[in-house]
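Reading the structure
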Amino acid sequence: MNRILYIMLGVIVLAGTAAAEWRGWGPSAVTEVKDVPRTVRNNPGSYRPHYAFFGSSYRRGK
Amino acid sequence: MTERTAGCPNCGAEIVFRWSGAVQTSCPACGSVLVRHDLDLTKVGSVGDVPPSMSRIQLGTEGTYNRLPFVVVGRIIYEYERGHWSEWHIRLADSSSAWLSDAQTEYAITKQVASPGTLPPADTYRPGQPVALHGAQYSVGSVTRALYSGVEGELPFEYWDKLQVIFVDLKGTANAFATVDFSETPAMLFAGEYVTYDDLHLTNLRDESIGGGPRATSIKGLNCPQCGAAIELRTGALALSVACPSCAAILDAQDPNLAILQEHQERSGRVAPKIPLGTTGNFAGERWQAIGFQVRGIRVGGTEYNWREYLLWNAERGFRYLTEYDGHWNEVAVLKGAPSEGGGSAGVAYNGEQFKHFQSAVATTQFALGEFPWQLRTGDHVDADDYIAPPHMLSREASADEVTWSLSTYTAPQRIAEAFKLTTPLPAPHGIFANQPNPKAGVARTLLRAFSVFTLVAVALMAARFALARNDKVFTENRRYSVSSGDTAAFVTRVFALDGHTSNVEVRIDTDLSNAWAYFNLALLAEDGSVGYDVGREVSNYAGVDGGESWHEGSPHDKVVLPAVPPGKYYLRVDPERDPADVNTPFSYTLSVRRDVPRLWPFLIALLLLAVPPVLAYFRELAFEFGRWKESDHPWSTTDSGDDDE
C-alpha cells in the first residue's frame, strides 16, 4: 500500500515537474498585467509598473 | 526371513528371536531374563513389573528411519526425576541395530559409536558446556542420574543387573543428538539425531484404548488431599506435578495419593488463565490441549516483569507453550538441538538465522495451575537468556543440571483466540515486545528502491529537457547609463519574437558596476498590448578590503525568469535607476533575452520532495527498534556509539 501510494506520488511529482518545465511554470515575483496601452512604445515614461510592493521607483538604503 | 527359536530354560515356552544378533532376551511367558549362548539360553533374572507407559510403542512395532524399515525388538526402561523413559532396541532392515529413545514424546534414534576414543568422565560434564566428541561439536543438554527400571525383549548385550546409571545428553547443531552412557566401563557413546513421531511412520502400535498410550483420552480423576477438589490428569503418567485448581496446592502427580509438594501459593499472585485449562486449540491442523498454566517473572532494575505461560499437550507431538506478556503472544517449542553460539557479537545462530542477545535475567515461577511434566514449585528459578531475530526469539534456560533452548514465534492474539475459540476477546498488545516484528520494517527499503527509479527517471527527464529546450537568445542590446548623454530615462527596446510553445523567458542584465548599485524596472510587453510582465531587479556589486581581508558582495550580473510566456512579438520597457549619490557616474550594461531556458532546480526540488517518504519511513522504523531495545540489556543510546547500537 505504502509503495503504491509512493509510486503514485512519484509519478505525479515527476510528471508535474516535467510539465511545469515544459510550459515554463514556476514561482516568480513577476506581475502579469493585461491590456497594456499601446502608447508605451511612443512614451515609455508613461508606463507604471504593476508590482505593488516597491512602487515604481526603488529607493535603496545602502 | 526365518526367525530363530529356542526354549525358555525356566518354563519351556518358545522364545522367538526377531534379531539374530540378540545377546539377551526375555521370556514373554514367565518373564525370565535370558542370556543367549548361541541357542542355549541361561536365566539370569526376572523381568518384574514393567512400569506403565504412555508410549504406544511396543515390542513388534514397526517403522522406518531414513527410508530403512525397522522393528522394535527390545527395551530398557529407566526411571528418573521426570518419570520413566524407554530406550527401544530396534533392528533395521540392513541387520544393524539402533536405539529409539522415547522420553515424554521426544524421540531420538542413536547408534553406538564403535570406537569413540577416550570419553571424559561423568563428573566433568556441565549443562551448557561445549563438548567435541568423535569429530562432532555438541553442548551438554543434561546430566541425568537414572535408575535402571527393567528390560524386555532382545538386546545386543547383557543388561539386567544395573542400579543407578548416569547419562549425559549432548545436543548438536540442527537435530544432532548423542548420549554418553556410563552404565559400562569404559563409557559408551551413542550418536544420532532427534526425530519426530511422524518421521518414524510407526505401525503395530499399542492399542490406544488399552493401557493409555500417548493418545490417551481417558482422564484420570483424583481429589486434592488438601481441599478435596476434583483434579484431572490429562497427560496420565507423563504428569509429574499438578496444581489444584481450587486451593492451588502443588501435588505429586506420580503419587497415587497425590502427595502435597507445596501447600499453597500466594493468593495475591493468583491469576486466571485467559485460556481455560482443558481447552483444546487447533493450530495448523494439530490439536493442542491447554493443561498447565504458570506465571513467571524476572526482576530488572527493581522492576518486576511477569508473563504467563500456557503448557499445551499433543499426544504425538508432546509439549508446547504459549506465552503472553502485555497482550503479546508467542508460540514456543522446545528445541531438540542447540543453536551454535558465537553467531555474531554475543549472539547465536539457529537454522541459518542470526539472533542478537536481548536480555539475561533470572526467571522465577510465581504461580501455577494445572499439570506439568516436571516437579514444579513456585519459586523455581532458572537463568534465562533471550536472543531475538523477529518474529523469532531463542531462549536459553539453564538450571543446575539442564540447559534447554526454546524457539518462540510471535503470534497475533487473534490467532490464539480463534485457535481456542475463546469467547472473551484477548486484550490488544501494549507497547513493543522483544521479538515483535517491526511493522515498519522494509518500508523504507521498498520506498528507497522506488526512489532510485524516480531518480533515474528525473535524470532522464532532465537530460531530455536540456536536449530539447530551445534556449534561444532572441534579443541582446548594449546600453549606457549616463546623465551627460541623457540615457537615464525609461526606454523601450526593439520588438523581438518569442517562438515555440508557451514557456519561460530569461531576461539577463550584465553591468560594469563596481561598488555601486542600480535598479532596473523591467516590463516584457506584448507588441499588441494583450499582456505584460512587470518585474524589478537590483544589480549591486561591492568589494573592498576590511581589516586586511578582502570581501565581495553582490554581482554585476543578474537575471530573472518570466514564467509561462505565450509565443508572440514582445519588447522590453526598461527604466534604470541608480543610487542618487552616484547618479552622475555612468555605467554600461547589456540586456539579453533568452527563450525556453531549461532549469535544473525544479527536478532537484522534486527529488527532494520524493526523498521525504523514504526518510520518514526509515526514522519510523528506527523509532520502533529504539522502543524495542529500550527494554533490553542493550538500550540504544544517542551518545553511545558502541557495539550495542546495532
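Residues numbered from 1 in each chain as written. Chains lettered and ligands numbered in written order. Predicted model: local features only at pLDDT ≥ 70, side-chain atom pairs only at ≥ 80, totals over all residues.

Moving on, we get to the interface of chain B and chain A. Contacts between the two partners involve 46 residues from chain B, matched on the other side by 40 residues from chain A. Looking at the side of chain B that touches chain A, the elements with two or more residues in it are α3 (443-468), β33 (491-492), β35 (503-511), β36 (516-526), β37 (531-546), β39 (557-565), β40 (568-578) and α4 (601-630) of chain B. Sorting elements by how many residues they give to the side of chain B that touches chain A places α3 of chain B first, with nine residues. Here the side of chain B that touches chain A is built from residues that sort into 31 nonpolar, eight polar and seven charged. Examined bridge by bridge, strand β1 (residues 31-34) of chain A and β37 of chain B share four bridges and lie antiparallel to one another. Within β37 of chain B, the position partnered with Glu32 of chain A by the bridge is Tyr533 of chain B. (Contact = placed C-beta atoms within 7 Å. Helix = DSSP H or I, 4+ residues; strand = E, 2+ residues; numbered from the N terminus. Nonpolar A, V, L, I, M, F, W, Y, C, P; charged D, E, K, R; others polar. Pairing = 2+ DSSP bridges.)

Right, let's get into the environment of Asp499 of chain B. Residue and element names in this part refer to chain B. One can find Asp499 in the loop between β34 (496-498) and β35. C-alpha of Asp499 to C-alpha of Glu341: the two residues are 158 residues apart in sequence and 74 Å apart in space. When residues no more than four places from it in sequence are discounted, the contact partners of Asp499 are Pro567 and Arg595.

This part covers the sheet that holds strand β41 (residues 587-595) of chain B. Residue and element names in this part refer to chain B. With antiparallel pairing, the four strands of this open sheet are ordered in space as β32-β41-β35-β39. What marks the edges here is a single partner per strand, and that holds for β32 (472-481) and β39. Pairwise comparison of adjacent strand axes, ignoring direction, gives a mean angle of 15° for this sheet. The pairing of β32 with β41 spans nine bridges and is classified as antiparallel. (Axes fitted to C-alpha atoms, helices over the stretch in contact; angles between N-to-C directions.)

Checked against the element boundaries, Arg41 of chain A lands in the segment after β1. Using a count of 17 C-beta atoms within 10 Å as the deciding quantity, one classes Arg41 of chain A as partly exposed. Those residues in contact with Arg41 of chain A, other than ones at most four positions away along the chain, are Val492 and Tyr571 of chain B. (Buried ≥ 20, exposed ≤ 12 C-beta atoms within 10 Å, placed from the backbone.)

Attention shifts here to the packing of helix α1 (residues 2-23) of chain A against α3 of chain B. Relative placement of two packed helices is described by the angle separating their axes and the distance separating the axes. Remark: α1 of chain A packs on α3 of chain B, axes separated minimally by 10 Å, with the N-to-C direction vectors making an angle of 15°. By the angle class used here, α1 of chain A and α3 of chain B are roughly parallel. Crossing geometry of α1 of chain A relative to α3 of chain B is assigned as right-handed. Between α1 of chain A and α3 of chain B, the contacting residues are Asn2, Arg3, Tyr6, Ile7, Gly10, Leu14, Ala18 and Glu21 of chain A on the first element and Val443, Thr446, Leu447, Ala450, Phe454, Val457, Ala458, Leu461 and Arg465 of chain B on the second. Split by residue class, the contact of α1 of chain A with α3 of chain B holds eleven nonpolar, three polar and three charged. (Parallel < 35°, antiparallel > 145°, perpendicular 65-115°, else oblique. Left-handed = near helix turned anticlockwise from the far one by under 90°.)

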